[in-house]
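Next come the chains, spelled out residue by residue.
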Amino acid sequence: MSAFAELMAYTRETQALGEIAGRLGWDQETMMPAGAAPQRGEEMAAIEAVLHARRASPEVADWLAQAEAPDATGAAQLREIKRSYDRTVKVPADLAKEIAKVTSQAQGKWAAARAAEDVAAFVPVLKEVVALKREEGQALAAGGDLYDAMVADYEHETTAAEIAAIFDAMRPGLVDLRSRVLEKPTPKGLVGEFDEAAQMQLTAKLAQAFGYDLDHGRVDKAVHPFSSGSGLDVRITTRTNKADPFNCFYSTIHEVGHAAYEQNISHDYLLTPLGRGVSMGVHESQSRIYENQIGRGEAFTTWLFAEMREVFGDFGIEDAGSFYKAVNTVHKGYIRTEADELQYNLHIMLRFDLERALMAGDLEVEDLEAAWNDRFEADFGYAVDRPSNGCLQDVHWSVGLFGYFPTYSLGNVYAGCLNQKMRGDLPGLDQELATGDTSSATGWLRENLQQFGGLRSPRDTIQNASGMVPDHAPLMSYLEEKFTRIYGL
Ligand SMILES: [Zn+2]
């Protein structure tokens, strides 16, 4: 067997083990009996140790040195295997262990500090996490910018300076648009209670309307919605709330965007490095375009209104036009995960700038709360009332996720580019969406983006599909136009 064939066979087995680890994670959030937690922790640690050893194996370095790619796809496979190998061996094993230990303690301390509204209780352990992550960043960056090295874990070949240029260009326009919108009266909301079993039935119908393949997936309930798996087994979770069915429906559509991306990658790449979504930002572009540009659009909500009337009867909204406004209402609020399409990016820009400053050593953990509160008031126009609504709201930093936040907004920016091109290519799309038929839109995304998986870099993936270098202009004009019309600005 050639070195290339041996390396591919070995990598396929590693990926299969990785899928098993992922399924254990899915089980933990959905099915696992509560008493199994300590044993599960040990099981997960065991498989992670096996995975780490395989990814860092000297055999991989030997094969990489000898392997010759048979074609362009093979070359892309080698590029991705090398990227993963280099990343794994750059971080000393002791440091990786220490990070795993400290972040698992930090998550518990963060949860307790958030419940007690006590930032000071979280500061010491966050300082430890920041110090360890900076050490890891230095190992990964090898002389380069350490925050760039962290971003590369989630969005490779993209620098913090490139992201900052996009975000800084968007921020003034978003601040201005949100302040104009919030001067206007709030549209009427839904009234009454919405049976949770009926929500789950409609959610399954929505998932299928967006092309989610239930022969190769399933929908379960979990505290936090997520999508997991790849290839032939991609599962999603959602949640229900009696008073707010939109939470369930739009969480589902979002996760279906992630899951459909994984399901639609060419099966030629099954269980190979190219057989997964290429980056967090591109993944998020799929979930966001399903959720927002398609799912919260005027055409699709016409269909959803009729479906909801049939299932739930009268819920205080008399026509599709008012329903569209209810779906897209902009509220004052502190919490990122509850933010609307318009304000969401401001939440991300705040976190991006603060975590970049933490990693650069320009901001001390002790000063984080004040920096957060100042920035929030500047962008949102009102003061943070308590830490759980401010710097303690997200789990990310406690578990060592630095460089991850910006990918959420990059996803929105990418979705803006894709939506512009898709609408140009499919002029009759809205008539179809108004009947609940998303097949042209999801088919366009499959053909132009999803099928390629990790074949190209994130930036080239977007450029190949949208015909443009990723740029914030399409997203900004889409938001401006949408909310100007809804709020009569
Ligand atoms: Zn997402």
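Here the structure is a predicted model, which is why all the values come from computation and not from measurement.

A.B. asks: Would you mind showing me how to read the packing of helix H12 (residues 298-312) against helix H13 (residues 320-327) here?
C.D. replies: Think of two packed helices as two axes; the pair is described by the angle between the axes and how far apart they sit. Between H12 and H13, whose axes approach to 9 Å, the crossing angle comes to 105 degrees. By the angle between their directions, the pair H12 and H13 is classed as roughly perpendicular. Two secondary-structure elements touch here, H12 through Glu298, Thr301, Thr302, Leu304, Phe305 and Met308 and H13 through Ala320, Phe323, Tyr324 and Val327. The residue makeup of the contact of H12 with H13, split by class, is seven nonpolar, two polar and one charged.

A.B. asks: Help me out: how do you make sense of the domain arrangement of the chain in this one?
C.D. replies: One frequent convention defines the size of an interface as the accessible area lost when the parts assemble. Domain annotation for the chain reports domain 1 (3-151) and domain 2 (157-489). Inter-centroid distance (C-alpha atoms) of domain 1 to domain 2 is 26 Å. In this assembly, 40 residues from domain 1 lie in contact with 52 residues from domain 2. In this assembly, domain 1 and domain 2 are joined by four salt bridges. Residue Glu19 pairs with Arg276 through a salt bridge whose shortest N-O separation is 3.3 Å. Of all elements in the fold, only helix H1 (3-30), helix H4 (72-90), helix H5 (93-116), helix H6 (119-141) and helix H7 (146-151) reach the threshold of two or more residues within the side of domain 1 that touches domain 2. Per element, the largest residue contribution to the side of domain 1 that touches domain 2 is eleven residues, and it comes from H1. Across the side of domain 1 that touches domain 2, the residue classes break down as 19 nonpolar, eight polar and 13 charged.

A.B. asks: Which parts of the structure should I look at to understand the packing of aromatic side chains?
C.D. replies: The geometry of an aromatic ring pair is captured by two quantities: the separation of the ring centres and the angle between the planes. Inspection of the entire model under this criterion finds 24 aromatic pairs. Geometrically, the ring pair formed by Phe300 and Trp303 is tilted, given 5.3 Å between the ring centres and 45 degrees between the ring planes. Here the residue Phe300 and the residue Trp303 both occupy positions in helix H12, the gap between them amounting to three residues, near one helical turn. Just as Phe300 is buried, Trp303 falls in that class too. Taking 4.3 Å as the distance between ring centres and 5 degrees as the angle between the ring planes, the aromatic pair formed by Phe376 and Phe380 counts as stacked. Remark: Phe380 and Phe376 occur in helix H15 (residues 368-380); sequence separation between them is four residues, near one turn of the helix. A residue is classified by how much of its surface remains accessible, and Phe376, at 1% relative accessible area, is buried.

A.B. asks: Even after reading the chapter, I still don't get the sheet that holds strand S1 (residues 219-221), so can you show me in this structure?
C.D. replies: Backbone-to-backbone hydrogen bonds pair the strands of a sheet. The strands run either parallel or antiparallel. With mixed pairing, the three strands of this open sheet are ordered in space as S1-S3-S2. Of all the strands in the sheet, just S1 and strand S2 (227-230) have a single pairing partner and so form its edges. In this sheet, adjacent strand axes meet at a mean angle of 20 degrees when their direction is disregarded. Of the pairings in the sheet, the one linking S1 to strand S3 (residues 233-238) comprises three bridges and is parallel in character. Bridging from a neighbouring strand, Lys221 pairs with Thr238 of S3. The strands touched by helix H10 (residues 245-264) are S2 and S3; relative to S3, the strand with the most contacts, the crossing angle is about 170 degrees.

Conventions and cut-offs
- Per chain, residues are indexed from 1 in the order of the written sequence.
- Local features in a predicted model are, by the rule used here, given only for residues with pLDDT of at least 70; side-chain atom pairs are given and counted only at 80 or more, and totals for whole chains, interfaces and linings are based on all residues.
- Excluded from the side-chain calculations are hydrogens and water; all other atoms, namely the structure's heavy atoms, are used.
- Axis lines are fitted through C-alpha atoms, for helices just across the contact stretch, and the angle between N-to-C directions can take any value from 0 to 180 degrees.
- In DSSP terms, a helix is any run of H or I states spanning at least four residues, a strand is any run of E spanning at least two, and both are numbered starting from the N terminus.
- Reported orientations rely on four angle classes, namely roughly parallel under 35 degrees, roughly antiparallel over 145, roughly perpendicular from 65 to 115, and oblique for the rest.
- What makes two residues a contact is simply this: any of their non-hydrogen atoms within 4.5 Å.
- Basically, the charged four are Asp, Glu, Lys and Arg, the nonpolar ten are Ala, Val, Leu, Ile, Met, Phe, Trp, Tyr, Cys and Pro, and anything else, Gly included, counts as polar.
- All domain edges in this entry derive from an automatic or database-based domain assignment.
- Only one rule defines a salt bridge in this text: a Lys or Arg side-chain nitrogen within 4 Å of an Asp or Glu carboxyl oxygen.
- Think of it this way: a Phe, Tyr or Trp ring, Trp meaning its six-membered ring, pairs with another when their centres are within 6.5 Å, and the plane angle makes it stacked under 30 degrees, edge-to-face over 60, tilted otherwise.
- Each residue's exposure class comes from its accessible area (1.4 Å probe, protein chains only) as a fraction of the maximum for that residue type: buried when under 20%, exposed when over 50%, partly exposed otherwise.
- Two strands pair under a simple rule: DSSP has to find at least two bridges between them.

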